[in-house]
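# Structure assessment
Residue-level listing of the chains:
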Amino acid sequence: MHIHKFEKIWLIFGISCLVIFLSVVGVSAFYLGNKPPSCLATINPEKVDETKPFNKPGLHKVEGKEWDYELVYVAQAFSYNPAQVEVPLGAKVKVIATTKDVIHGFEVAGTNINMMLEPGYISEYTTTFDKAGEYLIVCNEYCGSGHHLMFSKIEVVEK
Ligand code: CUA
């Protein structure tokens, strides 16, 4: 069978790209241990209310950590607990969230916070709120008939 020279170059290029890509992903996943962030911590979805820190949703000041506050959310159809929270301007906040029932989204509109909340898993994201104002948290995973009613608010205020 005769293969044209350019065809050969193109095939070698394509296969090389595939090998390089799979090597990068493979080393990252199996050697460096990188995983999607939502798979690092698990929780029994039936015991969310009794499990720390989800037994006390809301904003908590913490000491001796890389962040100043922990903002804990429990999602369930069709609401977030807390429904509204005030965060001091400039605070470094670790958002910790989970869901009690089905998959929900956790998107803070106008920021780069966008997490998927899966039953049995804890989703976390650390960020600094450096712009005052009101931020809307919306569910961006279809979760049922009340999906479009599911929201919460973060108010970033100067203290
Ligand atoms: Cu919760 Cu859509």
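With that settled, consider the side chain of serine 152. Following the sequence through the fold, serine 152 ends up in strand β11 (residues 151-157). A distance of 2.9 Å separates the side chain of serine 152 from the backbone oxygen of proline 82, its partner in a polar contact. At a separation of 3.0 Å, a polar atom in the side chain of serine 152 contacts the main-chain carbonyl oxygen of alanine 83. Beyond its immediate stretch of four places on either side in the chain, serine 152 contacts Tyr73, Tyr80, Pro82, Ala83, Gln84, Tyr135, Leu136 and Ile137.

Residues Tyr73, Tyr80, Val87, Val93, Phe106 and Ile154 are the most contacted members of the largest nonpolar core, which totals 24 residues. If you list the elements that add at least two residues to this core, you get β3 (69-76), β5 (84-88), β6 (92-99), β7 (104-108), β8 (114-117), β10 (133-138) and β11. Of all the elements, β3 adds the most residues to this core, at four residues. Once residues within four sequence positions are removed from consideration, tyrosine 80 is found in contact with Tyr73, Val74, Ala75, Gly105, Phe106, Leu117, Ile137, Val138, Cys139, Met150, Phe151 and Ser152.

Let us look at helix α1 (residues 5-31). Taking 1.5 Å per residue as the helical rise, α1 with its 27 residues ought to reach 39 Å, and the 37 Å between its terminal C-alpha atoms agrees with that figure. Just beyond α1, the residue with positive phi is glycine 33, at close to 75 degrees.

Time to look at the domain arrangement of the protein. By domain assignment, the protein separates into domain 1 (1-34) and domain 2 (38-157). Here the C-alpha centroids of domain 1 and domain 2 sit 39 Å apart.

Looking at where proline 45 falls in the secondary structure, it is placed in the loop between β1 (41-42) and β2 (58-61). Placed 76 residues apart in sequence, proline 45 and tyrosine 121 show a C-alpha to C-alpha distance of 8.0 Å. Setting aside anything within four residues of it in sequence, one finds proline 45 in contact with Thr99, Lys100, Pro119 and Gly120.

With that out of the way, let us pick up the pattern of salt bridges. Pairs can form between side chains of opposite charge once their charged atoms are near each other. Tallied over the entire structure, the rule returns four salt bridges. Close ionic contact of glutamate 124 with lysine 94 constitutes a salt bridge, the shortest N to O distance being 3.5 Å. Here glutamate 124, found in strand β9 (residues 121-128), pairs with lysine 94, found in strand β6; they are 30 residues apart in sequence, far enough to count as distant.

This brings us to unusual backbone geometry. With an omega of -5 degrees, the peptide bond between lysine 52 and proline 53 qualifies as cis. Cis peptide bonds are those with omega within 30 degrees of zero, and the linkage from alanine 77 to phenylalanine 78 qualifies with -5 degrees. Mapped onto the secondary structure, phenylalanine 78 falls in the loop between β3 and β4 (79-81).

Rules behind the numbers
- Residues numbered from 1 in each chain as written.
- Predicted model: local features only at pLDDT ≥ 70, side-chain atom pairs only at ≥ 80, totals over all residues.
- Heavy atoms only, no water.
- Helix = DSSP H or I, 4+ residues; strand = E, 2+ residues; numbered from the N terminus.
- Polar contact = N/O pair within 3.5 Å; in protein donor to acceptor, adjacent residues only side chain to side chain.
- Contact = heavy atoms within 4.5 Å.
- Core = buried A, V, L, I, M, F, W, Y, C linked by side-chain atoms within 4.5 Å.
- Buried < 20%, exposed > 50% of the residue type's maximum accessible area, 1.4 Å probe, protein only.
- Expected span 1.5 Å × (residues − 1).
- Domains from an automatic or database assignment.
- Salt bridge = Lys/Arg side-chain N within 4 Å of Asp/Glu carboxyl O.

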